[in-house]
Amino acid sequence: MPSGTQFRPFLRATHGASVMSAPVAIAAAVAGIGACTWYLRSNGANSDKPIFSSFGFHTLRLHSAELVNHNVKKLRFELPDASKPSGLSLTSALLTISFPNGRWLPVLRPYTPTNDLNEPGYIELMVKLYPNGKQSTHLHSLKPGDTLTFAPIKELAWTPNKHPHVALIAGGAGITPMYQLARGILQNPDDRTRITLVWGNNTDEDIFLKDELATLERSYPGRFKAVHVVSNPAAGSLHLKGYITRQVLENAGLGTEGGKNRDVKVLVCGPPAMEKALKGGRGTGVLAELGYKPEQIYTF
Ligand SMILES: Cc1cc2nc3c(=O)[nH]c(=O)nc-3n(C[C@H](O)[C@H](O)[C@H](O)COP(=O)(O)OP(=O)(O)OC[C@H]3O[C@@H](n4cnc5c(N)ncnc54)[C@H](O)[C@@H]3O)c2cc1C
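- Within an unreviewed UniProt entry, the label attached to the chain reads NADH-cytochrome b5 reductase, and the organism entered is Achaetomium macrosporum.
- Annotation of the chain in UniProt includes, under Sequence similarities (unreviewed entry), the sentence "Belongs to the flavoprotein pyridine nucleotide cytochrome reductase family."
- Annotation of the chain in UniProt includes, under Function (unreviewed entry), the sentence "May mediate the reduction of outer membrane cytochrome b5."

## A few points about the site of the ligand
Next up, step 1: As a matter of local geometry, the ligand sits amid 22 residues, with Y130, G133, Q135, S136 and T176 nearest to it.
Next up, step 2: Of all the secondary structure elements, the ones that give two or more residues to the shell around the ligand are β4 (107-111), β5 (122-128), α3 (134-141) and α4 (175-187).
Next up, step 3: The biggest single contributor to the shell around the ligand is β5, with four residues.
Next up, step 4: In terms of domain composition, the shell around the ligand takes at least three residues from each of domain 1 (53-154) and domain 2 (165-299).

## Side note on the sheet that holds strand β11 (residues 265-269)
Next up, step 1: A sheet is described by the order of its strands in space; here six strands give the open sequence β10-β9-β8-β7-β11-β12, paired in parallel fashion. What marks the edges here is a single partner per strand, and that holds for β10 (240-241) and β12 (297-299).
Next up, step 2: Here strand β7 (residues 165-171) runs beside strand β8 (residues 194-201); their pairing, made up of seven bridges, is parallel. When the bridges of β8 are listed, I169 appears paired with V198.
Next up, step 3: Of the strands in this sheet, β7, β8, β9 (224-230) and β10 touch helix α6 (residues 246-254), which is tilted by about 155 degrees from β8.
Next up, step 4: The strands that helix α7 (residues 272-279) touches are β7, β8, β11 and β12; relative to β11, the one it contacts most, it runs at about 150 degrees.

## A short note on the pairing of strand β6 (residues 147-154)
Next up, step 1: Counting buried residues along β6, six of its eight residues qualify, which places the element largely inside the surrounding structure.
Next up, step 2: Inspection of the sheet shows strand β1 (residues 58-67) paired to β6 by four bridges, in the antiparallel sense. Its bridge partner being in β6, H58 is matched across the sheet by F150.
Next up, step 3: Pairing of strand β3 (residues 92-98) with β6, which is carried by six bridges, proceeds in the antiparallel orientation. Of the residues in β6, the one forming a bridge with L95 is A151.

## A short note on the sheet that holds strand β2 (residues 72-78)
Hydrogen bonding along the main chain pairs the strands of a sheet, whether they run parallel or antiparallel.
Next up, step 1: The strand order across the open sheet formed by six strands is β4-β3-β6-β1-β2-β5, and the pairing between neighbours is antiparallel. The open sheet is flanked by β4 and β5, the only strands paired with a single partner. The mean angle between the axes of side-by-side strands here comes to 40 degrees, regardless of whether they run parallel or antiparallel.

## Digging into the UniProt feature "binding site: FAD" (unreviewed entry) in the chain
Next up, step 1: Mapped onto this structure's residue numbering, the UniProt feature "binding site: FAD" (unreviewed entry) falls at R109, P110, Y111, K128, K134, S136 and T176.
Next up, step 2: With respect to the helices, strands and loops of the structure, P110 is situated in strand β4.
Next up, step 3: On the neighbour-count criterion, P110 (23 C-beta atoms within 10 Å) is buried.
Next up, step 4: Locating T176 in the fold gives a position in helix α4.
Next up, step 5: Setting aside residues no more than four positions away along its own chain, T176 makes contact with T112, T114 and M126.

Basis of the calculations
Residues numbered from 1 in each chain as written. Predicted model: local features only at pLDDT ≥ 70, side-chain atom pairs only at ≥ 80, totals over all residues. UniProt positions renumbered as here; feature names shortened; annotations may be inferred. Near = placed C-beta within 6 Å. Helix = DSSP H or I, 4+ residues; strand = E, 2+ residues; numbered from the N terminus. Domains from an automatic or database assignment. Pairing = 2+ DSSP bridges. Contact = placed C-beta atoms within 7 Å. Axes fitted to C-alpha atoms, helices over the stretch in contact; angles between N-to-C directions. Buried ≥ 20, exposed ≤ 12 C-beta atoms within 10 Å, placed from the backbone.

Quick look at the structure:
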């Protein structure tokens, strides 16, 4: 996922911890100590503003953890002031910081809150467990009452009605920023943007947030459409079989023939293989083949 924020290069360095060079390891350690100092300072600050309305590290208590499918947990964390929302803007993620199993170097990974950003008192994450995943394993091990440290990250700053139609193309857990944006757009009575979501998963069981997406489709007919694509569907599955191809996008109404969809903004979030197939290099991906220009595309 390419750079979209000032934090991304740092995240990439920490992501490849197993192949970290000495200078990178030292830089990460210094950053970790700096982060802790900043966190202690920011926690001490007394402000009437919502907690994540400006940058700072804050430790929150886990209120509840619920397994929503075979490998995704919904984690609800309590904000310190139950009467205030998080202060996160559309669209934002939270950088999580932990030292699992007594590690010396911090593990830092971003996650996208999926609850209503206006909800007071809580933030909610949907976390997919990856085999040997450092942070996802740690997050899945948390019990109510345990704590985790967060800092806000601004992603795409959404401007209502800037585009008449937005195409959200997601793979696996890449659905979370798309869901945050879709519900934020649809809940804003002043935003008339139309939304087409195309979401690819490996199996039917991998689909989480299914009921929430169906509710949005029912509540906003003509404004929101979700297309599910599954590479290994169960027998009798009602979803499209395969990957997110040119044909799938055309059938979802995202073709560009005759100058159609020139104003569509395309947002992409998914595993590297999916992003590569869609965006390719130098105009070779599915989106370029369809006629989308690089400036129309944003990757979370
Ligand atoms: C802006 C942003 C928002 C995100 N929001 C969410 C969210 O809401 N929920 C969520 O579950 N995740 C989200 N992610 C992904 C998350 O930040 C971590 O990358 C993910 O949880 C894996 O971290 P880990 O430490 O468990 O795995 P690592 O220790 O980094 O990796 C362990 C193994 O898992 C594989 N792996 C790691 N990430 C992926 C992936 N995306 N696809 C396929 N294989 C992978 C690696 O190849 C490796 O083999 C988001 C990422 C970004 C950039």
